[in-house]
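# Architecture and fold: a report
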Amino acid sequence: MNAARARWAAGIGGLVLGVAGAAVGGPGVPNLERGRALYENHCVVCHTPKVHSRASRIPLNVEELRQIVRTWAKGEDLHWTEQEITDVVWYLNETKYRF
Ligand code: HEC
């Protein structure tokens, strides 16, 4: 369990560096407002405000959050681009998870 956690932590470190690098400019820059709009338009319909902050919340890191967002977007037949998934992950992480 601890070893697994450490591996995840290392993974997040890489991911955060990647995102920070992307924030300098160019394609791949996460857009918080776009993420918010996408999420509010397509996702809040059946979420209670608590779904992302309950003790038993599912994702443990950004990578897992991304998988869940991807799965939901697919399930809702939204055909989001990687950029749109990134925007929503960014929005959720900035406003709710803070991994
Ligand atoms: C049909 C209703 C519904 C829609 C639409 C929906 N969700 Fe969910 N979502 C749920 C339910 C119910 C859960 C709790 C699942 C559980 O506890 O196993 C959940 C859980 C989640 C979680 C994990 C929450 C946590 O911290 O444990 C994420 C992330 C999430 N949804 C993202 C999305 C995104 C992004 C969209 C839009 C693309 C979306 N959902 C659309 C019903 C929905």
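Anything mentioned here points back to the structure above.
The structure displayed is predicted, hence computed values, not measured ones. (Residues numbered from 1 in each chain as written. Predicted model: local features only at pLDDT ≥ 70, side-chain atom pairs only at ≥ 80, totals over all residues. Heavy atoms only, no water.)

## A short note on unusual backbone geometry
For clarity, the threshold we go by: Secondary structure is summarised from DSSP: a helix means a run of H or I of at least four residues, a strand means a run of E of at least two, and numbering begins at the N terminus for each. Burial status follows relative accessibility: with a 1.4 Å probe on protein chains alone, a residue under 20% of its type maximum counts as buried, one over 50% as exposed, and anything between as partly exposed.
At histidine 79, a position not held by glycine, the phi torsion is positive, near 55°. Position of histidine 79 relative to the elements: it lies in the loop between helix H3 (62-75) and helix H4 (82-97). Even without glycine at this site, arginine 98 takes up a positive phi of about 55°. Following the sequence through the fold, arginine 98 ends up in the segment after H4. Owing to a relative accessible area of 60%, arginine 98 belongs among the exposed residues under this scheme.

## Digging into H3
The condition that has to hold: One fewer than the residue count of a helix, multiplied by 1.5 Å, yields its expected span. What the arc covers is the set of directions going from the helix axis to the C-beta atoms.
A rise of 1.5 Å per residue sets the reference length of H3, with its 14 residues, at 20 Å; its end C-alpha atoms lie 20 Å apart and thus fit the reference within 8%. The set of residues buried in H3 consists of Val62, Leu65, Arg66, Val69 and Ala73. All buried residues of H3 fall inside an arc of 100° around its axis, so they share one side. Among the exposed residues of H3, those pointing more than 90 degrees away from its buried face are Thr71, Lys74 and Gly75. One or two steps after H3, the chain reaches aspartate 77, where phi turns positive at roughly 60°.

## Comments concerning the side chain of asparagine 93
Counted only if it meets this: Distance and chemistry together define a polar contact, namely a pair of N or O atoms within 3.5 Å, with one atom able to donate a hydrogen and the other to accept it when in protein, and with adjacent residues in sequence counting only for side-chain atoms on both sides.
Structurally, the position occupied by asparagine 93 is in helix H4. A polar atom in the side chain of asparagine 93 sits 2.8 Å from the backbone nitrogen of phenylalanine 99.

## Some points on the site of the ligand
How we decide: Proximity criterion: a residue is near a molecule or strand once any of its heavy atoms comes within 4 Å of it. The residue classification treats Ala, Val, Leu, Ile, Met, Phe, Trp, Tyr, Cys and Pro as nonpolar and Asp, Glu, Lys and Arg as charged. All others, Gly included, are polar.
The local shell around the ligand holds 20 residues, among which Cys43, Cys46, His47, Ile58 and Tyr97 are the closest. At a separation of 3.3 Å, an oxygen atom of the ligand approaches a polar backbone atom of valine 51. A distance of 2.7 Å separates an oxygen atom of the ligand from a polar atom in the side chain of arginine 54. Considering each element in turn, the shell around the ligand owes the most residues, five residues, to H3. Here the residues of the shell around the ligand sort into 14 nonpolar, three polar and three charged.

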